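Spelled out, the chains give:
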Amino acid sequence: MRKLQSTEEFHTLTKEPATIFMFTAGWCPDCRVIDPILPEIEERFSDYTFVSVDRDQFIDLCIELDIFGIPSFLAYANGQETGRYVSKDRKTQAEIEAFISNLSQ
């Protein structure tokens, strides 16, 4: 999973055909729990570009996007938000895959 480098890159990536942003932080235990399953999810949904967003590094962006719980996922296609899975709750592989499966591209 690539790491977001700038707010400008975020806005550029939202215009791509299918991008999923995962909002995370190094200190987040629930984020660390899903780290091992992410490569499998990325492989299963290879038509998406997955981008990790460090909440602490991009706090202003998180505020702008109403991302107050992590881990959270935000999906974009061609400049439009297509889905959000935003909460502070721990997420299972099945829950993440169901979220992605229900996105409209």
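Residues numbered from 1 in each chain as written. Predicted model: local features only at pLDDT ≥ 70, side-chain atom pairs only at ≥ 80, totals over all residues. Heavy atoms only, no water.

Q: Would you mind showing me how to read the nonpolar core here?
A: The nonpolar side chains of a soluble globular protein tend to be buried, and buried together. Core analysis: the biggest nonpolar cluster contains 18 residues, and L4, F10, F21, F23, L65 and L74 have the highest contact counts within it. Elements represented by at least two residues in this core include exactly helix 1 (7-13), strand 2 (19-24), strand 3 (49-54), helix 4 (59-64) and strand 4 (72-77). Ranked by size, the runner-up nonpolar core spans 16 residues in total, among them I37, L38, I100 and L103. (Core = buried A, V, L, I, M, F, W, Y, C linked by side-chain atoms within 4.5 Å. Buried < 20%, exposed > 50% of the residue type's maximum accessible area, 1.4 Å probe, protein only. Helix = DSSP H or I, 4+ residues; strand = E, 2+ residues; numbered from the N terminus.)

Q: Just checking my understanding: could you explain the pattern of salt bridges for this structure?
A: Pairing between side chains becomes possible if they bear opposite charge and their charged atoms approach one another. Applying the stated criterion across every chain yields a total of 6 salt bridges. The partner of D30 in a salt bridge is R90, with the nearest N and O atoms 2.8 Å apart. With D30 in helix 2 (residues 29-34) and R90 in the loop between strand 5 (80-85) and helix 5 (93-101), this pair connects stretches of sequence that are 60 residues apart. Here R90 falls in the partly exposed class, since its relative accessible area comes to 48%. Residue R32 is joined to D35 by a salt bridge in which the shortest nitrogen-to-oxygen separation is 2.7 Å. According to the relative accessible area criterion, R32 is partly exposed, its value standing at 34%. (Salt bridge = Lys/Arg side-chain N within 4 Å of Asp/Glu carboxyl O.)

Q: Just to check I follow, could you spell out the sheet that holds strand 5 for this structure?
A: By definition, the strands of a sheet pair up through backbone hydrogen bonds, in either a parallel or an antiparallel sense. As summarised here, the arrangement of the 5 strands in space is 1-3-2-4-5, forming an open sheet in which the pairing is mixed. The sheet is open, and its two edges are formed by strand 1 (2-3) and strand 5, each paired on a single side. (Pairing = 2+ DSSP bridges.)

Q: I tried to follow the pairing of strand 3 on my own but got confused; where do I start?
A: In summary, the side chains of a regular strand alternate between the two faces of the sheet. Of the strand pairs in this sheet, strand 1 and strand 3 are connected by 2 bridges, and their pairing is parallel. If you follow R2 over to strand 3, its bridge partner there is V51. In terms of strand pairing, strand 2 meets strand 3 through 6 bridges, oriented parallel. Across the sheet, the residue bridging to M22 is S52, located in strand 3.

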